[in-house]
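One letter stands for each residue in the lines below.
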Amino acid sequence: MADKVAGVPEPQVRTAGVPSGTNLLGLVRHLAFVERFYFLGEDAADWPATMRPSAEDTVDGVLADYRKTVERANQVIDACPDLALPAPRPSRPGPAPSMRWVLVHMIEETGRHAGHADILREQIDGSTGR
């Protein structure tokens, strides 16, 4: 995901490429929130807002936050002795999903948004592939 954003200038990195408002910087920002939710137990007050970078958000700042969050999440994953155990998450009704379920979900979530990023990046500068 970080590679899809790298090198994209302002304002294109935050410009919506589709009617829903989806943009490259927002996708990376959102994925950091999702990683924090499922692996670090942090909730987002407004999930739709996680897709919208603020005027203060910079590419370098969002990428650094994403990388740091993934690093912290990887530490939690590495410390899990059994993937059948519940993953950390904010208090919600019902049992927490297993770490196995969360890992599969994050593969789906990241893959889906990587596909969105591919399309947006191609619209911006024609870049395709990895």
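The structure under discussion appears in the preceding block.
From a predicted model like this one, the values you see are computed outputs, not experimental measurements.

Colleague: Please explain the side chain of T50 as it appears in this structure.
Modeller: Mapping T50 onto the fold places it in the loop between α2 (24-40) and α3 (59-79). Within the local environment of T50, its side chain forms a polar contact with the backbone oxygen of W47, the two atoms lying 2.6 Å apart. Apart from the residues within four sequence positions on either side, T50 is in contact with G26, R29, H30, F33 and A44.

Colleague: Would you mind showing me how to read the pattern of salt bridges here?
Modeller: Pairs can form between side chains of opposite charge once their charged atoms are near each other. Evaluation of the coordinates by the stated rule reveals nine salt bridges. Note that D65 and R36 form a salt bridge whose closest N and O atoms lie 3.0 Å from each other. In this pair, D65 is assigned in helix α3 and R36 in helix α2, connecting sequence segments 29 residues apart. What makes R36 buried here is its relative accessible area of 10%. Among the ionic pairs, R121 bridges to D125, the shortest N-O distance being 3.0 Å. Of the two residues, R121 and D125 both sit in helix α4 (residues 99-125), four residues apart, roughly one turn of that helix. One network of salt bridges, in which partners are shared, links R36, E42, D65 and R72.

Colleague: So what exactly am I meant to see when it comes to α2 here?
Modeller: The end-to-end C-alpha separation of α2 is 24 Å, in line with the 24 Å expected for 17 residues at 1.5 Å each. Here α2 lies mainly inside the structure; 16 of its 17 residues are buried. The positive-phi residue at the C-terminal boundary of α2 is G41, with phi of around 75°.

Colleague: How should I be thinking about the packing of aromatic side chains in this particular structure?
Modeller: For any pair of aromatic rings, the description rests on two quantities: the centre-to-centre distance and the angle between the ring planes. One pass over the full model with this rule turns up three aromatic pairs. A ring pair is formed by F37 and Y38, whose centres lie 4.8 Å apart and whose planes are at 85°; its orientation type is edge-to-face. The pair formed by F37 and Y38 is uniform in burial state, with each residue classed as buried. When its relative accessible area of 5% is taken as the criterion, F37 is described as buried. Taken together, F37, Y38, W47 and W101 form an aromatic cluster joined through their ring pairs. Over the face of the ring belonging to F33 we find R36, whose NZ or CZ atom lies 4.6 Å from the ring centre.

Cut-offs applied
Residues numbered from 1 in each chain as written. Predicted model: local features only at pLDDT ≥ 70, side-chain atom pairs only at ≥ 80, totals over all residues. Heavy atoms only, no water. Helix = DSSP H or I, 4+ residues; strand = E, 2+ residues; numbered from the N terminus. Polar contact = N/O pair within 3.5 Å; in protein donor to acceptor, adjacent residues only side chain to side chain. Contact = heavy atoms within 4.5 Å. Salt bridge = Lys/Arg side-chain N within 4 Å of Asp/Glu carboxyl O. Buried < 20%, exposed > 50% of the residue type's maximum accessible area, 1.4 Å probe, protein only. Expected span 1.5 Å × (residues − 1). Phe/Tyr/Trp six-rings, centres within 6.5 Å; stacked < 30°, edge-to-face > 60°. Lys NZ or Arg CZ within 6 Å of the ring centre and 35° of its normal.

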